[in-house]
Amino acid sequence: MGVEIERKWLVKELPEDISRYPNEKYIQGYLCTSPVVRVRKEGDRYVLTYKGEGLLKREEYNMPLTKDAFEKLIRKCDGKLIVKQRYFIPTGDQEGHVIELDIYKGDHEGLITAEVEFSSEEEAGSFMAPSWFGEDVSLREEYKNSWLSRS
């Protein structure tokens, strides 16, 4: 992939009729948190991800895994597994952004976040969040999934 530029918000209320949006169950664990090396099941796909340092902007590389490799690696993960239902909600804006709304389950039940990826830091800075978004936590380490796996 290369570089990931994204912002993250807490969500104060769910959008109406959330069930109409495409969604998938995600299960992920961390083999390492500095740098981040993550294994994830996204619906019926399996991915190994490396993420570099940073909060708003950082390196990210994704590599496909087999189901068997995922099942072996997930048992090697440290900390808590992250389990969430991810909804893909188009913003309808000119740039075609998609909101990735995560409703956490298990150890992180009650946490709901929204992420949006951007092609530049300028674009990220000018994005107008919908009214149902809450606090912008993009620069807060404790809301990164790698941090949540340790808490």
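The structure reproduced in this document is the subject of the present report.

**Comments concerning the nonpolar core**
- Ranked by size, the top nonpolar core spans 17 residues in total, and within it Tyr-87, Ile-89, Ile-99, Leu-101, Trp-132 and Phe-133 carry the most contacts.
- Of all the secondary-structure elements, those providing two or more residues to this core are strand E1 (2-11), strand E6 (78-90), strand E7 (98-105) and strand E8 (112-118).
- Setting aside residues no more than four positions away along its own chain, Tyr-87 makes contact with Ile-18, Tyr-21, Pro-22, Asn-23, Ile-99, Glu-100, Leu-101 and Ile-103.
- Counting 9 residues, the second largest nonpolar core, distinct from the first, contains Tyr-30, Leu-111, Val-137 and Leu-148.

**Section: the side chain of Lys-84**
- Within the fold, Lys-84 resides in strand E6.
- Looking at Lys-84, the relative accessible area reads 0%, which means it is buried.
- At 3.2 Å, the side chain of Lys-84 and the side chain of Asp-102 are in polar contact.
- Setting aside residues no more than four positions away along its own chain, Lys-84 makes contact with Glu-24, Lys-25, Tyr-26, Gln-28, Arg-40, Asp-102, Ile-103, Tyr-104, Lys-105 and Asn-145.

**Looking at the packing of aromatic side chains**
- Scanning all chains against the criterion turns up 6 aromatic pairs.
- Ring centres of Trp-9 and Phe-133 lie 4.8 Å apart, and the angle between their planes is 50 degrees; on these two criteria the pair is classed as tilted. Placement of Trp-9 in strand E1 and of Phe-133 in strand E9 (residues 133-136) is noted, with a sequence separation of 124 residues between them.
- With relative accessibility at 3%, the residue Trp-9 sits in the buried group.
- An aromatic cluster of at least three residues, connected via ring pairs, comprises Trp-9, Phe-118, Phe-127, Trp-132 and Phe-133.

**Comments concerning the pairing of E8**
- Among the 7 residues that make up E8, 5 are buried, leaving the element largely enclosed by the rest of the structure.
- The pairing of E1 with E8 spans 6 bridges and is classified as antiparallel. Residue Lys-8 lies in a different strand from E8, and its bridge partner there is Glu-115.
- The sheet contact formed by E7 and E8 spans 5 bridges and is antiparallel. Considered in E8, the bridge of Asp-102 is made with Thr-113.
- Between the end of E7 and the start of E8, which pair antiparallel, lie 6 residues, with Gly-106 showing a positive phi angle near 65 degrees.

**A few points about the pattern of salt bridges**
- By the definition in use, this model includes 19 salt bridges.
- Between Lys-72 and Asp-68 there is a salt bridge whose closest N-O contact spans 3.0 Å. Remark: Asp-68 and Lys-72 occur in helix H1 (residues 67-74); sequence separation between them is 4 residues, near one turn of the helix.
- Classification of Lys-72 by relative accessible area gives partly exposed; the value is 46%.
- Put simply, Arg-140 and Glu-135 hold a salt bridge, and the shortest N to O gap is 2.6 Å.
- For Arg-140, a relative accessible area of 29% translates into the label partly exposed.
- Glu-135 sits in the partly exposed class, given a relative accessible area of 42%.
- If you follow the salt bridges from partner to partner, you end up with Lys-8, Lys-84, Arg-86, Glu-100, Asp-102 and Glu-115 in one network.

What counts and how
Residues numbered from 1 in each chain as written. Predicted model: local features only at pLDDT ≥ 70, side-chain atom pairs only at ≥ 80, totals over all residues. Heavy atoms only, no water. Core = buried A, V, L, I, M, F, W, Y, C linked by side-chain atoms within 4.5 Å. Buried < 20%, exposed > 50% of the residue type's maximum accessible area, 1.4 Å probe, protein only. Helix = DSSP H or I, 4+ residues; strand = E, 2+ residues; numbered from the N terminus. Contact = heavy atoms within 4.5 Å. Polar contact = N/O pair within 3.5 Å; in protein donor to acceptor, adjacent residues only side chain to side chain. Phe/Tyr/Trp six-rings, centres within 6.5 Å; stacked < 30°, edge-to-face > 60°. Pairing = 2+ DSSP bridges. Salt bridge = Lys/Arg side-chain N within 4 Å of Asp/Glu carboxyl O.

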